[in-house]
Amino acid sequence: MKIFIDSADIDDIKEAAAMGFLEGCTTNPSLLAKVGRRIESAIPEICEIVGGPVSAEVLSTDYDAILKEGRSLAKLHNHVVVKIPMLIDGLRAVRTLSDEGIRTNVTLCFSATQALLAAKAGATYISPFLGRVDDAAQDGTELLEQIVTIYANYELHTEVLAASMRSPLHVVQAAMIGADCATLPISVIRQLVKHPLTDIGLERFLSDAKTARETAK
Ligand code: G3P
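Below is a short write-up of the structure. Nothing here was measured: the structure is a model prediction, and the numbers come from that model.

1. Some details on the pattern of salt bridges
Opposite charge on two side chains makes pairing possible when the charged atoms of those side chains draw close.
At step 1: This model, assessed by the stated rule, comprises nine salt bridges.
At step 2: Across the pair Arg190 and Glu15 runs a salt bridge, and its minimum N-O distance is 2.8 Å. You can see Arg190 sitting in helix H10 (residues 186-193) and its partner Glu15 sitting in helix H1 (residues 10-18), a full 175 residues away along the chain.
At step 3: For Glu15, a relative accessible area of 31% puts it in the partly exposed group.
At step 4: The residue Arg95 makes a salt bridge to Asp99 at a minimum N-O spacing of 3.1 Å. Residue Arg95 and its partner Asp99 are located together in helix H5 (residues 88-99), separated by four residues, close to a single helical turn.
At step 5: When its relative accessible area of 34% is taken as the criterion, Arg95 is described as partly exposed.

As C-alpha coordinates, then:
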(Lines give C-alpha, C1' and ligand atoms only; values in the text may rest on other atoms or scores of the structure.)
Protein backbone atom coordinates (compact mmCIF):
# COMPACT_ATOMS: atom_id res chain seq x y z
CA MET A 1 0.00 0.00 0.00
CA LYS A 2 1.44 3.35 -1.06
CA ILE A 3 1.56 6.06 1.60
CA PHE A 4 0.50 9.58 0.58
CA ILE A 5 0.22 12.69 2.74
CA ASP A 6 -3.14 14.45 2.87
CA SER A 7 -1.99 18.05 3.28
CA ALA A 8 -1.21 21.37 1.61
CA ASP A 9 1.13 22.46 4.40
CA ILE A 10 4.65 22.70 2.98
CA ASP A 11 6.36 22.07 6.34
CA ASP A 12 4.27 18.93 6.97
CA ILE A 13 4.91 17.69 3.43
CA LYS A 14 8.66 18.30 3.77
CA GLU A 15 8.66 16.48 7.12
CA ALA A 16 6.86 13.46 5.66
CA ALA A 17 8.99 13.42 2.49
CA ALA A 18 12.16 13.39 4.59
CA MET A 19 11.00 10.19 6.33
CA GLY A 20 11.91 8.20 3.24
CA PHE A 21 8.67 6.39 2.43
CA LEU A 22 6.32 9.05 1.04
CA GLU A 23 4.95 8.23 -2.41
CA GLY A 24 2.39 10.95 -3.13
CA CYS A 25 0.20 13.77 -1.82
CA THR A 26 -3.45 14.70 -1.91
CA THR A 27 -4.83 18.18 -1.40
CA ASN A 28 -8.35 19.56 -1.35
CA PRO A 29 -9.88 23.06 -1.24
CA SER A 30 -10.24 22.94 2.56
CA LEU A 31 -6.58 21.97 3.08
CA LEU A 32 -5.44 24.81 0.77
CA ALA A 33 -7.73 27.27 2.59
CA LYS A 34 -6.27 26.15 5.92
CA VAL A 35 -2.77 27.21 4.83
CA GLY A 36 -3.97 30.29 2.91
CA ARG A 37 -2.39 29.18 -0.37
CA ARG A 38 -3.55 29.51 -3.98
CA ILE A 39 -3.63 26.21 -5.84
CA GLU A 40 -1.55 27.57 -8.76
CA SER A 41 1.42 28.38 -6.54
CA ALA A 42 1.12 25.59 -3.96
CA ILE A 43 0.78 22.60 -6.28
CA PRO A 44 4.05 23.02 -8.27
CA GLU A 45 5.93 23.54 -4.99
CA ILE A 46 4.38 20.38 -3.49
CA CYS A 47 5.13 18.40 -6.67
CA GLU A 48 8.83 19.25 -6.42
CA ILE A 49 8.99 18.05 -2.81
CA VAL A 50 6.99 14.86 -3.18
CA GLY A 51 8.29 13.47 -6.47
CA GLY A 52 5.10 11.41 -6.94
CA PRO A 53 1.43 11.94 -7.79
CA VAL A 54 -0.10 15.09 -6.28
CA SER A 55 -3.88 15.47 -6.41
CA ALA A 56 -5.16 18.99 -7.15
CA GLU A 57 -8.92 19.45 -6.94
CA VAL A 58 -11.16 21.35 -9.35
CA LEU A 59 -13.78 23.72 -7.96
CA SER A 60 -16.02 23.54 -11.03
CA THR A 61 -19.06 21.30 -11.09
CA ASP A 62 -20.16 21.38 -14.73
CA TYR A 63 -18.55 19.38 -17.52
CA ASP A 64 -17.02 22.15 -19.65
CA ALA A 65 -15.71 24.08 -16.67
CA ILE A 66 -14.25 20.91 -15.06
CA LEU A 67 -12.43 20.14 -18.32
CA LYS A 68 -11.03 23.67 -18.58
CA GLU A 69 -9.91 23.73 -14.95
CA GLY A 70 -8.62 20.14 -15.07
CA ARG A 71 -6.51 20.79 -18.16
CA SER A 72 -4.98 23.90 -16.63
CA LEU A 73 -4.23 22.10 -13.32
CA ALA A 74 -2.59 19.26 -15.28
CA LYS A 75 -0.30 21.82 -16.94
CA LEU A 76 1.04 22.99 -13.55
CA HIS A 77 3.36 19.98 -13.22
CA ASN A 78 3.66 16.48 -14.63
CA HIS A 79 2.97 14.97 -11.19
CA VAL A 80 -0.50 16.50 -11.04
CA VAL A 81 -3.52 14.23 -10.76
CA VAL A 82 -6.77 16.13 -11.33
CA LYS A 83 -9.16 15.53 -8.44
CA ILE A 84 -12.79 15.64 -9.50
CA PRO A 85 -15.90 15.35 -7.31
CA MET A 86 -18.25 12.41 -7.75
CA LEU A 87 -20.92 13.94 -10.02
CA ILE A 88 -22.38 12.96 -13.40
CA ASP A 89 -20.55 15.88 -15.01
CA GLY A 90 -17.48 14.83 -13.06
CA LEU A 91 -17.61 11.30 -14.48
CA ARG A 92 -18.03 12.69 -18.02
CA ALA A 93 -14.98 14.88 -17.45
CA VAL A 94 -13.01 11.92 -16.06
CA ARG A 95 -13.70 10.02 -19.30
CA THR A 96 -12.57 12.92 -21.49
CA LEU A 97 -9.48 13.79 -19.44
CA SER A 98 -8.49 10.16 -19.15
CA ASP A 99 -8.79 9.77 -22.95
CA GLU A 100 -6.42 12.76 -23.20
CA GLY A 101 -3.91 11.01 -20.93
CA ILE A 102 -4.60 13.21 -17.89
CA ARG A 103 -4.69 11.28 -14.60
CA THR A 104 -7.75 11.74 -12.37
CA ASN A 105 -8.79 11.07 -8.78
CA VAL A 106 -12.53 10.83 -8.16
CA THR A 107 -13.18 12.28 -4.72
CA LEU A 108 -16.06 12.31 -2.22
CA CYS A 109 -16.82 8.62 -2.80
CA PHE A 110 -19.26 7.21 -0.26
CA SER A 111 -20.65 4.13 -2.02
CA ALA A 112 -19.47 1.09 -3.95
CA THR A 113 -21.65 2.01 -6.93
CA GLN A 114 -19.95 5.40 -7.17
CA ALA A 115 -16.60 3.63 -7.15
CA LEU A 116 -17.71 1.20 -9.86
CA LEU A 117 -18.79 4.05 -12.13
CA ALA A 118 -15.60 6.03 -11.52
CA ALA A 119 -13.54 3.02 -12.60
CA LYS A 120 -15.66 2.52 -15.70
CA ALA A 121 -15.20 6.21 -16.58
CA GLY A 122 -11.43 5.63 -16.51
CA ALA A 123 -10.43 7.21 -13.19
CA THR A 124 -6.82 6.65 -12.16
CA TYR A 125 -7.76 6.76 -8.45
CA ILE A 126 -10.95 6.52 -6.42
CA SER A 127 -11.03 8.15 -2.98
CA PRO A 128 -13.46 6.55 -0.52
CA PHE A 129 -13.69 8.73 2.62
CA LEU A 130 -13.41 6.21 5.46
CA GLY A 131 -13.47 8.63 8.39
CA ARG A 132 -16.48 10.54 7.15
CA VAL A 133 -18.39 7.27 6.65
CA ASP A 134 -17.53 6.37 10.25
CA ASP A 135 -18.73 9.85 11.31
CA ALA A 136 -22.13 8.98 9.81
CA ALA A 137 -22.30 5.89 12.07
CA GLN A 138 -21.50 3.50 9.22
CA ASP A 139 -18.39 1.39 8.72
CA GLY A 140 -15.86 3.00 6.37
CA THR A 141 -13.81 -0.19 6.17
CA GLU A 142 -16.86 -2.09 4.87
CA LEU A 143 -17.09 0.40 1.99
CA LEU A 144 -13.38 -0.04 1.29
CA GLU A 145 -13.74 -3.82 1.30
CA GLN A 146 -16.65 -3.66 -1.17
CA ILE A 147 -14.69 -1.45 -3.57
CA VAL A 148 -11.52 -3.56 -3.45
CA THR A 149 -13.58 -6.74 -4.03
CA ILE A 150 -15.56 -5.28 -6.94
CA TYR A 151 -12.43 -3.93 -8.64
CA ALA A 152 -10.74 -7.33 -8.23
CA ASN A 153 -13.82 -9.21 -9.55
CA TYR A 154 -13.76 -7.29 -12.81
CA GLU A 155 -10.04 -6.53 -13.06
CA LEU A 156 -10.69 -2.78 -12.95
CA HIS A 157 -7.41 -0.92 -12.87
CA THR A 158 -8.45 2.19 -10.93
CA GLU A 159 -6.33 2.43 -7.77
CA VAL A 160 -8.19 2.52 -4.46
CA LEU A 161 -6.91 5.50 -2.46
CA ALA A 162 -8.23 5.26 1.10
CA ALA A 163 -8.90 8.84 2.28
CA SER A 164 -10.26 10.61 5.35
CA MET A 165 -8.02 8.35 7.43
CA ARG A 166 -8.14 9.24 11.10
CA SER A 167 -5.91 6.72 12.91
CA PRO A 168 -3.20 4.05 12.62
CA LEU A 169 -6.01 1.47 12.97
CA HIS A 170 -7.55 2.80 9.75
CA VAL A 171 -4.15 2.32 8.08
CA VAL A 172 -3.85 -1.29 9.24
CA GLN A 173 -7.42 -2.01 8.16
CA ALA A 174 -6.88 -0.44 4.73
CA ALA A 175 -3.68 -2.44 4.22
CA MET A 176 -5.38 -5.69 5.32
CA ILE A 177 -8.22 -5.06 2.88
CA GLY A 178 -5.73 -4.37 0.09
CA ALA A 179 -6.19 -0.66 -0.68
CA ASP A 180 -3.60 0.46 -3.25
CA CYS A 181 -2.82 3.73 -1.41
CA ALA A 182 -3.73 5.53 1.81
CA THR A 183 -3.56 9.29 2.19
CA LEU A 184 -2.82 10.38 5.74
CA PRO A 185 -2.61 13.61 7.72
CA ILE A 186 0.85 14.28 9.19
CA SER A 187 -0.49 13.47 12.68
CA VAL A 188 -1.34 9.91 11.61
CA ILE A 189 1.97 9.52 9.75
CA ARG A 190 3.82 10.47 12.95
CA GLN A 191 1.70 8.03 14.97
CA LEU A 192 2.56 5.18 12.57
CA VAL A 193 6.23 5.46 13.45
CA LYS A 194 5.77 5.51 17.21
CA HIS A 195 5.45 2.63 19.63
CA PRO A 196 6.12 2.99 23.39
CA LEU A 197 8.03 -0.32 23.49
CA THR A 198 10.34 0.96 20.73
CA ASP A 199 11.14 4.04 22.84
CA ILE A 200 11.64 2.00 26.03
CA GLY A 201 13.74 -0.59 24.18
CA LEU A 202 15.97 2.04 22.57
CA GLU A 203 16.49 3.84 25.87
CA ARG A 204 17.58 0.55 27.46
CA PHE A 205 19.95 -0.36 24.59
CA LEU A 206 21.59 3.06 24.74
CA SER A 207 21.97 3.06 28.51
CA ASP A 208 23.36 -0.52 28.49
CA ALA A 209 25.85 0.49 25.79
CA LYS A 210 26.90 3.55 27.81
CA THR A 211 27.42 1.43 30.95
CA ALA A 212 29.35 -1.15 28.96
CA ARG A 213 31.61 1.53 27.45
CA GLU A 214 32.33 2.98 30.89
CA THR A 215 33.07 -0.38 32.52
CA ALA A 216 34.65 -2.27 29.61
CA LYS A 217 38.35 -3.10 29.95
O1 G3P B 1 -8.50 14.69 1.00
C2 G3P B 1 -9.73 14.15 1.29
C3 G3P B 1 -9.90 13.54 2.67
O4 G3P B 1 -8.77 12.83 3.04
C5 G3P B 1 -10.45 14.46 3.71
O6 G3P B 1 -10.33 13.96 5.02
O7 G3P B 1 -10.44 14.25 7.47
O8 G3P B 1 -11.42 16.02 5.96
O9 G3P B 1 -12.54 13.82 6.23
P10 G3P B 1 -11.21 14.55 6.24
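Don't stop here, the text continues.
2. Remarks on the pairing of strand S6 (residues 125-128)
Side chains on a regular strand alternate between the two faces of the sheet.
At step 1: Here S6 shows no split at all, with Tyr125 and Ser127 on one side and Ile126 and Pro128 on the other all buried.
At step 2: Across three bridges, the pairing between strand S5 (residues 104-109) and S6 is parallel. Along S6, the bridge assignment pairs Cys109 with Pro128.
At step 3: For the crossover from S5 across helix H6 (residues 112-120) to S6, the handedness is right-handed.

3. Considerations on the site of the ligand
At step 1: Taken together, the residues surrounding the ligand are Asp6, Asn28, Lys83, Phe129, Arg132, Ala163, Ser164 and Arg166.
At step 2: Within the side chain of Asn28, a nitrogen or oxygen atom sits 3.1 Å from an oxygen atom of the ligand.
At step 3: Considering the ligand on its own, with 310 Å² of exposed area, one finds that the protein chains cover 82% of that surface.
At step 4: Here the shell around the ligand is built from residues that sort into two nonpolar, two polar and four charged.

4. Re helix H8 (residues 140-153)
Each full turn of the α-helix corresponds to 3.6 residues, which orients residues three or four apart in the same direction.
At step 1: Between its first and last C-alpha, H8 extends 20 Å over 14 residues, near the 20 Å set by a 1.5 Å rise per residue.
At step 2: Among the residues of H8, Gly140, Thr141, Leu143, Leu144, Ile147, Val148 and Tyr151 are the ones counted as buried. Projected down its long axis, H8 carries its buried residues within an arc of 155°, all on one side.
At step 3: Summarising the contacts, the buried residues of H8 are in contact with S5, H6, S6, helix H7 (130-135), strand S7 (159-162) and helix H9 (168-177).
At step 4: The first or second residue beyond H8 is Glu155, which carries a positive phi of 50°.

5. Considering the packing of H1 against helix H3 (residues 39-50)
At step 1: For the pair H1 and H3, interaxial distance at closest approach is 9 Å and the crossing angle is 15°. The angle between H1 and H3 places the two elements in the roughly parallel class. Remark: the crossing between H1 and H3 carries right-handed chirality. In this structure, H1 contributes Ile10, Ile13, Lys14 and Ala17 to the contact, and H3 contributes Glu45, Ile46, Ile49 and Val50.

6. Observations regarding H9
At step 1: Buried residues of H9: His170, Val171, Ala174 and Ile177, and no others. Projected onto a plane normal to the axis of H9, the buried residues spread over an arc of 130° and lie on a single side. H9 presents Leu169 and Met176 as exposed residues on the side facing more than 90 degrees away from its buried surface.
At step 2: The inward-facing, buried residues of H9 abut H7, H8, S7, strand S8 (181-184) and H10.
At step 3: Positive backbone phi, at 100°, marks Gly178, one or two positions downstream of H9.

Calculation rules
Residues numbered from 1 in each chain as written. Predicted model: local features only at pLDDT ≥ 70, side-chain atom pairs only at ≥ 80, totals over all residues. Heavy atoms only, no water. Salt bridge = Lys/Arg side-chain N within 4 Å of Asp/Glu carboxyl O. Helix = DSSP H or I, 4+ residues; strand = E, 2+ residues; numbered from the N terminus. Buried < 20%, exposed > 50% of the residue type's maximum accessible area, 1.4 Å probe, protein only. Pairing = 2+ DSSP bridges. Right-handed = clockwise from strand over helix to strand, strands pointing away. Near = heavy atom within 4 Å. Polar contact = N/O pair within 3.5 Å; in protein donor to acceptor, adjacent residues only side chain to side chain. Areas by Shrake-Rupley, 256 points an atom, 1.4 Å probe, with all protein chains shown as cover. Nonpolar A, V, L, I, M, F, W, Y, C, P; charged D, E, K, R; others polar. Expected span 1.5 Å × (residues − 1). Arc of directions from axis to C-beta. Contact = heavy atoms within 4.5 Å. Axes fitted to C-alpha atoms, helices over the stretch in contact; angles between N-to-C directions. Parallel < 35°, antiparallel > 145°, perpendicular 65-115°, else oblique. Left-handed = near helix turned anticlockwise from the far one by under 90°.

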